[in-house]
Structures are given as structure tokens and as C-alpha cells.
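# Secondary and tertiary structure notes
Residue strings, one per chain:
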Amino acid sequence: MGDFFAAIARVVINAALALGSLVASAVPSAAPAHPPAPVVAAADTPAVAHSHVSSAVPARLLVRYRSGVANDVAEYLEKASGARKTGEIQQVRVRVLQVPEGSEGSAVRMLAADPRVEFVERDATVAVTNTTPNDYWWPSEWAQVKTRTNAAWDLTRGSASVVIAILDTGVDLSQPDLQGKLVAGYNVLSGTSNPSDDNGHGTWAAGVAGAASNNAIGVASYCWGCSLMPVKVLGADGTGTMSAVASGIIWATDHGARVISMSLSGSTGTTTVQSAVQYAHSRGVVLVAAAGNYGNSAPTYPAAYQEVLGVAGTDPNDALYAWSSYGWWVKLAAPGCNYTTGRNGWYGSFCGTSAATPAVAGIVGLAFSYAPAAPTTTIEAAIESSSIKLGTLAYGRVDAYASLLALGAPAGSSPTPTPAPTPTPAPSSTPVPSPSSSPTPPPTATPAPTPAPSASTTMTSSFSGAVTNKNSSRAFTLTTGSGTLNATLAYSKTPPLTLTVYGSDGAVLATQTGSSPSTLSFSSAAGSLQLVVSGTAQSSFTLSVTYPTP
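These remarks concern the structure in this document. Note that the structure is predicted; figures quoted are calculated from it, not measured. (Residues numbered from 1 in each chain as written. Predicted model: local features only at pLDDT ≥ 70, side-chain atom pairs only at ≥ 80, totals over all residues. Heavy atoms only, no water.)

### Examining the overall build of the protein chain
Helix and strand content of the protein chain: 11 helices and 27 strands. The buried share of the protein chain, reckoned over its 550 residues, is 57%. Partitioning the intrachain contacts of the protein chain with sequence separation of at least 6 by distance along the chain shows that 78% fall at a separation of at least 24. Per element, the accessible surface of the protein chain, about 20,500 Å² overall, is 55% carbon and sulfur. (Helix = DSSP H or I, 4+ residues; strand = E, 2+ residues; numbered from the N terminus. Buried < 20%, exposed > 50% of the residue type's maximum accessible area, 1.4 Å probe, protein only. Contact = heavy atoms within 4.5 Å. Areas by Shrake-Rupley, 256 points an atom, 1.4 Å probe, with all protein chains shown as cover.)

### Overview of the pattern of salt bridges
Pairs can form between side chains of opposite charge once their charged atoms are near each other. Applying the stated criterion across every chain yields a total of 9 salt bridges. Residues Glu118 and Arg64 are paired through a salt bridge, measuring 3.2 Å at the closest nitrogen-oxygen approach. Placement of the pair is Glu118 in strand β4 (residues 117–128) and Arg64 in strand β1 (residues 56–65), with a sequence separation of 54 residues. Residue classification places Glu118 among the partly exposed residues on the basis of a relative accessible area of 31%. In this structure, Lys85 engages Glu88 in a salt bridge whose closest nitrogen and oxygen atoms are separated by 2.7 Å. Salt bridges linked by common partners bring Arg64, Arg93 and Glu118 together as one network. (Salt bridge = Lys/Arg side-chain N within 4 Å of Asp/Glu carboxyl O.)

### A closer look at the environment of Val99
Summarising the element assignment, Val99 is placed in the loop between β3 (94–98) and α3 (104–112). Taking the C-alpha atoms as reference points, Val99 and Arg60, separated by 39 residues in sequence, lie 6.1 Å from one another. The residues touching Val99, leaving out its near neighbours within four places in the chain, are Ala59, Arg60, Leu61, Gly82, Ala83, Glu104 and Ala107.

### A closer look at the sheet that holds strand β6 (residues 186–187)
The strand order across the open sheet formed by 9 strands is β6-β7-β5-β9-β11-β12-β13-β17-β16, and the pairing between neighbours is mixed. The sheet is open, and its two edges are formed by β6 and β16 (388–389), each paired on a single side. Across 4 bridges, strand β11 (residues 286–290) lies against strand β12 (residues 308–314) in parallel orientation. The residue bridging Ala290 from the neighbouring strand is Val311, located in β12. (Pairing = 2+ DSSP bridges.)

### Description of the pairing of β1
Two faces, one strand: in a regular strand the side chains alternate between the faces of the sheet. Along β1, 7 of the 10 residues are buried, which leaves the element largely enclosed by surrounding structure. In terms of strand pairing, β1 meets β3 through 4 bridges, oriented antiparallel. Bridged to Leu61 within β3 is Leu97.

### Things to note about the environment of Ser528
Within the secondary structure layout, Ser528 lies in strand β26 (residues 527–534). The class of Ser528 is partly exposed, set by a relative accessible area of 27%. It is 9.0 Å that separates the C-alpha atoms of Ser528 and Gly481, two residues lying 47 residues apart in sequence.

### Side note on the state of the cysteines
Within the structure shown, the criterion is met by 2 disulfides. Through a disulfide, Cys223 is tied to Cys226; the S-S separation comes to 2.1 Å. A torsion of 55° about the S-S bond marks the disulfide between Cys223 and Cys226 as right-handed. According to the relative accessible area criterion, Cys223 is buried, its value standing at 0%. Residue classification places Cys226 among the buried positions, given a relative accessible area of 0%. One disulfide bridge connects Cys337 with Cys351, the sulfur atoms lying 2.0 Å from each other. Because the sign of the S-S torsion sets the handedness, a value of about 120° for the bond joining Cys337 and Cys351 places this disulfide among the right-handed ones. Residue Cys337 is located in strand β14 (residues 337–341), and its partner Cys351 is located in strand β15 (residues 347–351); the two are separated by 14 residues in the primary sequence. (Disulfide = S-S within 2.5 Å.)

### What about the side chain of Thr156?
Residue placement: Thr156 occurs in the loop between α5 (149–152) and β5 (163–168). Aside from chain neighbours lying at most four places away, what touches Thr156 is Leu366, Ser369, Tyr370 and Leu404.

### Remarks on α3
Residues Glu104, Ala107, Val108, Leu111 and Ala112 constitute the buried set of α3. Down the axis of α3, the sector holding all buried residues measures 125°, keeping them to one side. (Arc of directions from axis to C-beta.)

### Some points on the side chain of Asn187
Within the secondary structure layout, Asn187 lies in strand β6. According to the relative accessible area criterion, Asn187 is buried, its value standing at 8%. A polar contact of 3.1 Å, which involves the side chain of Asn187, links it to the backbone oxygen of Asn194. Excluding residues within four positions of it along the chain, Asn187 makes contact with Thr192, Asn194, Pro195 and Lys232. (Polar contact = N/O pair within 3.5 Å; in protein donor to acceptor, adjacent residues only side chain to side chain.)

### Comments concerning the packing of aromatic side chains
Taken as a whole, this structure holds 6 aromatic pairs when the rule is applied. Ring centres of Tyr186 and Trp251 lie 5.0 Å apart, and the angle between their planes is 10°; this geometry places the pair in the stacked category. Taken together, the positions of Tyr186 in strand β6 and Trp251 in helix α7 (residues 242–254) put the pair 65 residues apart, joining distant regions of the chain. The exposure class of Tyr186 is partly exposed, given its relative accessible area of 22%. Overall, Trp251 belongs to the buried group, its relative accessible area being 16%. The interplanar angle of 50° and the centroid separation of 5.1 Å between the aromatic rings of Tyr301 and Tyr305 together place this pair among those described as tilted. A relative accessible area of 6% places Tyr305 in the buried class. Through a chain of ring-to-ring contacts, the aromatic side chains of Trp204, Trp346 and Phe350 assemble into a single cluster. Its guanidinium or amino end placed over the ring of Tyr279, Arg283 lies 3.6 Å from that ring's centre, counting from NZ or CZ. (Phe/Tyr/Trp six-rings, centres within 6.5 Å; stacked < 30°, edge-to-face > 60°. Lys NZ or Arg CZ within 6 Å of the ring centre and 35° of its normal.)

### With respect to the packing of helix α6 (residues 201–210) against helix α9 (residues 353–370)
The N-to-C vectors of α6 and α9 enclose an angle of 35°; their axes lie 7 Å apart at closest approach. Crossing angle aside, the handedness with which α6 passes α9 is right-handed. Contacts between α6 and α9 involve His201, Ala205, Val208 and Ala209 from the first element and Ser354, Ala355, Pro358, Ala359 and Gly362 from the second. Here the contact of α6 with α9 is built from residues that sort into 6 nonpolar, 3 polar and no charged. (Axes fitted to C-alpha atoms, helices over the stretch in contact; angles between N-to-C directions. Left-handed = near helix turned anticlockwise from the far one by under 90°. Nonpolar A, V, L, I, M, F, W, Y, C, P; charged D, E, K, R; others polar.)

See below:
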């Protein structure tokens, strides 16, 4: 009788929590089309969509019978309640049942009343945390600097033997910056080995965690060397079910994942997913999940489960973004905006707890790469204890370098963190192209400006990149003092490239077109300048600029 009332209580609670669709509408950015250059990185400007609450999946139940209940008995009970088995998650002994729509409540009551039923519950929906990439900017990768991941790379850049499973909408298998990084994946929805991304969200998440790095194209991820396992548990609309998430967790665990990254959330938990989480954790897997973009302290799942590292999103000043969920049940936080990969060769900014989650997963991957024999609990404790305390969370914002020190890495002089380059605003007179659907190498700046040997009052910065037929310009931003600026543009192919310098108001200050190497010199006022390299054919280039110290 106690089991009966407990089951009824679960039904009532789930029904109270079950609401409508999880597909969120975007919150429009306050940024104008051509905003002035902000003080901090572009992370402040992208639109972030709010997460919605879970709803019950129509006509579907999840049931587990007590040990020893024979299959024919289970089938008899199911038939008597109007249900039929359509699937099974064998590792946690959960049967997926189909019932006539509208009869879910009566079927739950009938099954829950039988003492041979351990639990019966409605399946519930989950969804991506519904974040929108911002294509107005060539974003600056401030997040890895903030988390001292660039310092951690001096100790390890990741190992291919450490597999990070991305449970999401799938992954674009042709993305240039993911080539050589993917291991065999799975599509839970179709039961096939094709985890292709028909939404885009999964490809964004994958690029944050483990895109190929230091390869002159795309982005630098958190774990350069880690392998990625795409597991498709969400559909083209970004939604899915808890049972699909449970199946994905188990599949990834059984096929060698060491880390499971879940940029998804639901407001209703299920015993089925909790059982899958426990199954994975007991087998040495670290699970990471998005806290959600609800902007409140209500627990979400699977992030709130004890065995999961729930992740909130922080801004460049270590404050939680207003859209981020928070509370005692959220263990960690990470930068909520990251530059990443997209479908069809796209690159851009990805914001939300969905972006923060693979950042933590990548740092966990670095930790396992550095200490491959460390138990799961040791890895988790190192990351939690070394985080930067935030009062609204159980622990705080992750610090990759400190995590490795906590695992026994030698404490030495870590490199001075590279200042995050300022985001590149589009000049009002000549807008800089936003990321296109064609894979293009973004400009890469040297780690830090170094004094020019000619004078102590000048600095020299070097940039490299490429222009293509589809992406004919690349943009860079410098902050300079008052005085003469000298630039040299060297490139590999003809026809000639053009270097144009814009002031902070978008006015053209100087321009030069010529054969390689092309030089430009002009007198500049103190302030922020934008240098744009453009051309009509594919060409790689190096731009060296000597300018007055700000």
C-alpha cells in the first residue's frame, strides 16, 4: 500500500510540473546592428533564449518491475492496463510502454497498485537550453583565458584516449574543425549509427569541448586532443525525451566515453534517467549537464542529480548571467559564451548554459588526460575544490589550471594569461562580414603584444589569417596611442590584397593595395582602430603592425 501511495504521489508531482513545449523563443539582444566597441568581450551581446519547463510525453510510460518478475507476468500486467511494450533500457531494467493517449493516468494507477511494480512514471521531455549564436561579431575567446585553460595547455592539451560524449542533436560529421576528432557515435532516435546533426546545437556543443586546435583554422577548444563521441538524443526541433537521454547515457558509457556532456535540461526528473546516471557514474564516467536558462533557482534535470556536475553560465566579470539558473544544486559555473563550430563550416559565438557545459566537459577531459588513472571522484573533487567560489552555487567557476594542480601537477610559473582581444565591431561605413556557411580560418593574434626593438614607446602585434572567395575580408582590432602607425602585409598569392584602417567612428583613416609585402604608414590619434584585410581570391597572409603604446 505504501508503494501505491508513493507512486500516486509521483504522478501528482509530475502532472503538476508538466507544462507545454520546450522550444523556447529567443530573447532579442539589446545590441544594435552596428554597436560601439564594448569594454568586455562580445559575450555580453548575444541573444539568449529562456528555457521552458518539461511536459509529459503523450501515450508513453516507463516501468520497472521488482527483481524476479517474469517477462510473461510483466506482459500480462501491461496488457491488463492497456499498455504494450515498445522498448527497453535493459541495463536499468526499465520497459518503455505505449498506452492509448488519454489513458496514461489510469494505466499508471493500475500498474502502481500492483506490488510487483517497483515504479511506474510518465516519460518527460527535455530540450537544448535554447541558445542562439551571435553572428554580428568575430568573437574573442575570452573564456579559455578566464578559466586559465591556456595555462593548463602547458601541462596537457588532451589525449585521444579520453572520449567526451556529446548527448545532443547530433554533430555535423563534415565540419572541418571536427575532422579527426570523432569516434563512432549513435542515433538513439533512429537506432542507427548515423548521429548527423539536423538542428545545429550539437555541433556547437562539440566544438566548445573538443574542436581540433592549433591548426590554423576555426577555433581553439578546451580539450584539443580529446576524442568526441556524437550521441543523438534530441530531434531536429531541439527536443527529446528523458528515456532517450537515459538510453544515450548508457550507450555512451558502454562504448567507452569517459565524460558525458549534456547541454539539455528539463524541469521534471525521472527515476529512469537517475538510474542511467548512476549506472554511468558507477562505471567511472563524469557526467556534466546544463543548469538551464530559466534565470531562477528551481532544480533542473539531469543537472540536479547528485552524480552530475550541473553547470551555470558566467560573464567575463565572474557574475552569473541573468538568464542562468542557479542554486545549491548547481555545482559549477563556466563562461556562458564560447566561440565554436557550426554546421556547414560555420563559426560563431554560442551562449547559454549549453555553451558553459561543454567547457566544463573539456576541462574534465584535460584532467583525465593529465591523470588517466585517477578515479572519477578524484577528478570531480579536484575541479570542484579548485573552482572560484560563487555564493549562489555549491562550488564555483571552474579553473582548468588549478584543477590540474589539485591533481598533482607541479606548481610553477604559469604563463601570463593572454588578454582577451576586444571583439571586432562592424564599422558603420563598411560592415565586416559575419561568419558564413563556408569554413574559413579566423584571424589569430600572437599571444601578447611585445615591445618593438626600435623604441620602448611602441608595440608590435602580428596577426595571421586568410581570405577566400566567399569570405573576402578579415578584421582585427588594436588599441593604440597617439602617433605613427606602420603596418606590413605579406601574403602568399596574387591578386593584391588591400589593407584598410578604420577609426572608432567607422571612418576610413588609411588604405593601401599592393603586391606583397605591402606597407602602410599614417598618423593616428589615440584610441581603438580596426584593420581589415580584403581580397578577391583565396590567400593566406600575415599582418605586422607597429604602433604607439596606449
